[in-house]
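Each chain, letter by letter, is given below.
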Amino acid sequence: SLAFSHDNKWLAAGSSDMKVRLYDMASPGRAPAHTLDDADNSVFSLAFSHDNKWLAAGGSDKKVRLYDMATPGRAPTHTLDDADNLVYSLAFSHDNKWLAAGDRGDRVRT
């Protein structure tokens, strides 16, 4: 999964090796600036909040992790673990008040 921050400062890349890599777009082509390795399994979905304050990551461990982008590279600030199935999609509302998570079982949670 790939996601650009809305200010184009970061590119987040999630993968099957249980990591999210953050690339600083001021230095494209370089090694990741930060690696988030808190997931318990593959990362399928990434989303930045519209104000770029949060990065949400979800995957096959049925959890959504929220990272504070004021301190990139640190452990997640919040972990939401009430999904019933694999988390395949994430989306923030335009006012950043809501995060929706879609899972493999056709459920959407907010």
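Residues numbered from 1 in each chain as written. Predicted model: local features only at pLDDT ≥ 70, side-chain atom pairs only at ≥ 80, totals over all residues. Heavy atoms only, no water.

1. What to know about the sheet that holds strand S7 (residues 64-68)
Strand order across the open sheet formed by 4 strands is S5-S6-S7-S8, with antiparallel pairing between neighbours. The open sheet has two free edges, formed respectively by strand S5 (43-48) and strand S8 (78-80), since each of these has just one partner strand. Each strand axis lies, on average, 20° off the axis of its neighbour in the sheet, ignoring direction. Judged from the 5 bridges that link them, S5 and strand S6 (residues 54-59) form a sheet pairing that is antiparallel. (Pairing = 2+ DSSP bridges. Helix = DSSP H or I, 4+ residues; strand = E, 2+ residues; numbered from the N terminus. Axes fitted to C-alpha atoms, helices over the stretch in contact; angles between N-to-C directions.)

2. Some remarks on the sheet that holds strand S1 (residues 2-4)
One open sheet holds the 4 strands; their spatial order is S1-S2-S3-S4, and the pairing between them is antiparallel. Of all strands in the sheet, those bounded by a partner on one side alone are S1 and strand S4 (34-36). This sheet shows a mean twist of 20° between the axes of neighbouring strands, independent of strand direction. Here strand S3 (residues 20-24) runs beside S4; their pairing, made up of 3 bridges, is antiparallel. By the bridge assignment, Leu22 is partnered in S4 with His34.

3. A short note on the nonpolar core
Counting residues in hydrophobic clusters, the biggest one holds 13 residues, and the most contacted among them are Ala12, Val20, Leu22, Leu46, Phe48 and Leu55. Mapped by element, the contributors of at least two residues to this core are strand S2 (10-14), S3, S5 and S6. For this core, the leading source of residues is S5, giving 3 residues. Ignoring sequence-local partners within four residues, the contact set of Leu55 consists of Ala12, Val20, Leu22, Leu36, Leu46, Ala47, Phe48, Arg65, Leu66, Tyr67 and Met69. (Core = buried A, V, L, I, M, F, W, Y, C linked by side-chain atoms within 4.5 Å. Buried < 20%, exposed > 50% of the residue type's maximum accessible area, 1.4 Å probe, protein only. Contact = heavy atoms within 4.5 Å.)

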